[in-house]
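Observations on the model geometry
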Amino acid sequence: MRSLLLLAVLFASINGAFAQDKAVEFTTIQLSDTIYMLKGRGGNVGISSGKDGLYIIDDQVKPVTAGLLKAIRKVSDKPIKFVINTHYHADHTGGNEAIGGAGAVIIAHDNIRKRMTTEQVSIFRNTTTPPYPKDALPVVTFNDRMTLHFNGESATAYYVASGHTDGDAIIHFPASNVIHMGDMFFNGLYPYVDLDAGGSMQGIIEAADLALSLADESTRIIPGHGPLGMAEDLMNYRDYLIQASTNVQLLIDEGKNLQQIIDAKPTSEWDEALGKTWITPPQFVTFIYNSLEGIPHFTPLKEEEKEEEKEEEKEKVE
Ligand SMILES: [Zn+2]
């Protein structure tokens, strides 16, 4: 009886230790002869696999690196030669240390390396991130754009200033007719605009415009988060971001402050479909408001302030 109990305890603790990795299911979709999209935990990964070997775009969160590598091995057992990071966030760079340490060359925009070598403070997420270890850092950095000629295709990374952060690139595979948007595109949910890291809603709209200028109706779009999209999904995204920004601007022009604009629900037509997964409607409105007003950080919504304002409103009415 006792040994059975011990066995049960042992089994439970083993399960606990592996629970994190076991819970993650990796799915891979082939998009062309050479390009794949992989979903697991963190930002969606792009894979180029062909006669020259492998390279990947983004590498998810650190705890799932072993599972990620296993899933990539199902596509090809050739070495990973390059990693391109779309931006510095930990859910897109978590595998860098292991994969860079194993010999892959990490490529990213100049600002990604700057952020990864210094402590990062996020007001929105209430986190402080220490500098990354050396193996995780980009070895090659670029400014405006960068083209990788590999596996018979010339793929270009385009930098768009001040979008999701201040270091985002989108990657265009012209022969495969695929674009990896990183977190410039959240498909099916409101986007996270990292104002604390130099992001802005205008930059995200510019990135969508740039991608659409490179796309046709059959272009497959890999979003940072959410399911694979088509150019039409990206167009709808761009359109609602512009419409929501216009709605907020009209309220700013009426002299309303952030709380009053949130209370006016300027994004109500999309809130049900897009505002329930992660970014809430008040957060989305704050991203837009702060972007339009040039406020370079997230403004936390303080409960006390909200209450005070409601009291003031009441007094006015009375
Ligand atoms: Zn991100």
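See above for the structure.
Residues numbered from 1 in each chain as written. Predicted model: local features only at pLDDT ≥ 70, side-chain atom pairs only at ≥ 80, totals over all residues. Heavy atoms only, no water.

**Considering the coordination of the zinc ion**
Only H87 (NE2), H89 (ND1), H164 (NE2) and D183 (OD) from the protein reach the zinc ion as donors, at distances of 2.1 to 2.2 Å. With 4 donor atoms in place around the zinc ion and angles of 86 to 172 degrees between them, the coordination shape is irregular. Expressed as a motif, the donor residue spacing for the zinc ion is H-x1-H-x74-H-x18-D. With H164 in the loop between β11 (153–159) and β12 (169–173) and D183 in the loop between β13 (178–180) and α6 (201–214), the pair connects residues that are 19 residues apart, well separated along the chain. Residue D183 is classed as buried on the basis of its relative accessible area, which comes to 2%. (Donors = N, O, S within 2.8 Å, 3.2 Å for Na, K, Ca; no water. Tetrahedral: all angles 85-135°; square planar, octahedral: opposite > 155°, others 65-115°. Helix = DSSP H or I, 4+ residues; strand = E, 2+ residues; numbered from the N terminus. Buried < 20%, exposed > 50% of the residue type's maximum accessible area, 1.4 Å probe, protein only.)

**Things to note about the pattern of salt bridges**
Applying the stated criterion across every chain yields a total of 7 salt bridges. Between R238 and D209 there is a salt bridge; the shortest N-O distance is 2.5 Å. Here R238 is found in helix α7 (residues 231–253), whereas its partner D209 is found in helix α6, with 29 residues between them in sequence. Overall, R238 belongs to the buried group, its relative accessible area being 18%. Here K276 makes a salt bridge to E272, at a shortest N to O gap of 3.5 Å. Residues K276 and E272 agree in their burial class; the two are exposed. (Salt bridge = Lys/Arg side-chain N within 4 Å of Asp/Glu carboxyl O.)

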